[in-house]
Amino acid sequence: QLQFVESGGGLVQPGGSLNLSCAASGRSLDYYAVGWFRQVLGQEREAVSCISNNGLRSMFADSVKGRFKISRDNAKNTVYLQMHSLKPEDAAVYYCVPVSHDIETGCRKWPSGTWGPGTVVTVSS
C-alpha cells in the first residue's frame, strides 16, 4: 500500500522560491517513477515534472523548464520539487503520484495510483 504525503506548500511572492517534498510510505520508492502534478480550480490537472526511479532521467512541462528542479532520495523514500522564479500562474494544489516509466513521452499517473490531499502553493504579493 504505497501512500504519498505532500508538504512544503505555502505563500510566496512572485519571483520567490519554494521547496516541496513528497514522502512515501508503505513501500520502497526504489522501483517507482514519480511525478508532480498541479491543479487550479476550474482547470485540468497537469503534469509539472517527473523523475525516473533511479533519478537519472527527468522531464518538465514547458511552462516550468529552467525554473523547477526535481530530485529524489530513495534512502529517505522522498521526492522533491524545487521551485524558483515563481509566477502567479504557478499557484495551484500540487500532488505527487507514481507515474509510468516512459516519462519521455509525457508524465502519466500509474493506473493504480491515487490522488492524495496535495499541498497548496499560493503566489501573491
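Treat the numbers as computed from the prediction; the structure is a model and nothing was measured.

K.L.:
Please explain the sheet that holds strand 3 (residues 18–25) as it appears in this structure.
P.N.:
Across the sheet, which stays open at both edges, the four strands sit in the order 1-3-8-7 with antiparallel pairing between neighbours. Looking along the sheet, the strands with just one partner apiece sit at the ends: strand 1 (3–7) and strand 7 (68–73). Neighbour-to-neighbour, the strand axes of this sheet turn through a mean angle of 15°, independent of strand direction.

K.L.:
Would you explain the nonpolar core in this entry?
P.N.:
Here is a general trend for soluble globular proteins: nonpolar side chains tend to be buried in one another's company. Counting 24 residues, the largest nonpolar core has Leu20, Trp36, Phe68, Val79, Leu81, Met83 and Tyr94 as the members making the most contacts within it. Of all the elements, strand 3 adds the most residues to this core, at four residues. Formed by seven residues, the second largest nonpolar core is a distinct cluster that contains Ala33, Val97, Val99 and Ile103.

K.L.:
Which parts of the structure should I look at to understand the layout of surface pockets?
P.N.:
Once rolled over the atoms, a probe with the size of a water molecule shows which space is left empty. Here the largest pocket defines a volume of roughly 320 Å³. Per-element accounting of the lining of the largest pocket gives the leading share, four residues, to strand 1. Counted by class, the lining of the largest pocket contains nine nonpolar, six polar and two charged residues.

Scoring rules and cut-offs
- Residues numbered from 1 in each chain as written.
- Predicted model: local features only at pLDDT ≥ 70, side-chain atom pairs only at ≥ 80, totals over all residues.
- Heavy atoms only, no water.
- Pairing = 2+ DSSP bridges.
- Helix = DSSP H or I, 4+ residues; strand = E, 2+ residues; numbered from the N terminus.
- Axes fitted to C-alpha atoms, helices over the stretch in contact; angles between N-to-C directions.
- Core = buried A, V, L, I, M, F, W, Y, C linked by side-chain atoms within 4.5 Å.
- Buried < 20%, exposed > 50% of the residue type's maximum accessible area, 1.4 Å probe, protein only.
- 1 Å grid on protein atoms, 1.4 Å probe; cavity = no way out; pocket = protein on both sides within 12 Å on 5 of 7 lines; lining within 4 Å.
- Points joined across faces, edges and corners; volume = space filled by probe spheres on them.
- Nonpolar A, V, L, I, M, F, W, Y, C, P; charged D, E, K, R; others polar.

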